[in-house]
Amino acid sequence: MGCVPEVICTDLDGNSEADIEKEIYACEQGSIVLIHAHGDNMDKLEKYVPRFKRFVATTQARPFDNVYNFGGFSDGDRCAFVAKEFGAATLS
């Protein structure tokens, strides 16, 4: 859409390779990227996570070390939980 989002919440598994490339590009441009790990996306995590310069790791299980659980089940509602956690005034 011609803009770089401030925050991206993704589990990488519902996205095409082109979409993931856009997320990597957005990260390079300054987007905060939260990458969600679960049992069904390990192949995508192994393939793409090393290409992200920086990211926040999330899970829907018990958090540990630098892996966080902000709540939510889908990418969209996880993003809303993160926004709430950090006091966002709006979501768009």
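Residues numbered from 1 in each chain as written. Predicted model: local features only at pLDDT ≥ 70, side-chain atom pairs only at ≥ 80, totals over all residues. Heavy atoms only, no water.

## Focus on a negative patch on the surface
- Among the surface-exposed residues, Asp-13, Asp-40, Asp-43 and Glu-46 lie close enough to one another that they form a single negatively charged patch.
- Since its relative accessible area comes to 53%, Asp-43 is described here as exposed. (Patch = residues over 30% accessible without salt bridge, like charges linked within 9 Å, V, L, I, M, F, W, Y side chains within 5 Å. Areas by Shrake-Rupley, 256 points an atom, 1.4 Å probe, with all protein chains shown as cover. Salt bridge = Lys/Arg side-chain N within 4 Å of Asp/Glu carboxyl O. Lys, Arg positive; Asp, Glu negative; His and termini not counted. Charge placed at Lys NZ, Arg CZ, Asp CG, Glu CD. Buried < 20%, exposed > 50% of the residue type's maximum accessible area, 1.4 Å probe, protein only.)

## Concerning the environment of Val-4
- Structurally, Val-4 can be placed in the segment before strand 1 (7–10).
- C-alpha separation for the pair Val-4 and Glu-23, spaced 19 residues apart in sequence, amounts to 9.1 Å.
- The residues touching Val-4, leaving out its near neighbours within four places in the chain, are Ala-26, Gln-29 and Ser-31. (Helix = DSSP H or I, 4+ residues; strand = E, 2+ residues; numbered from the N terminus. Contact = heavy atoms within 4.5 Å.)

## Side note on the nonpolar core
- The biggest cluster of nonpolar side chains holds 12 residues, and these are Ile-8, Leu-12, Ile-20, Ile-24, Ala-26, Cys-27, Val-33, Ile-35, Leu-45, Tyr-48, Val-49 and Phe-52.
- Elements with a minimum of two residues in this core: helix 1 (17–28), strand 2 (32–37) and helix 2 (42–48).
- With four residues, helix 1 is the single largest residue contributor to this core.
- What Ala-26 contacts, discounting residues up to four positions off in sequence, is Val-4, Pro-5, Ile-8 and Ser-31. (Core = buried A, V, L, I, M, F, W, Y, C linked by side-chain atoms within 4.5 Å.)

## Some points on the pairing of strand 3 (residues 56–59)
- Where strand 2 meets strand 3, four bridges bridge the pair, whose relative direction is parallel. Among the inter-strand pairings, Leu-34 is bridged to a residue of strand 3, identified as Val-56.
- After leaving strand 2, the chain enters helix 2 and then returns to the sheet as strand 3, a path that is right-handed.
- Where strand 3 lies against strand 4 (residues 67–68), two bridges are found, and the strand directions are parallel. Paired with Ala-57 across the strands is Val-67, a residue of strand 4. (Pairing = 2+ DSSP bridges. Right-handed = clockwise from strand over helix to strand, strands pointing away.)

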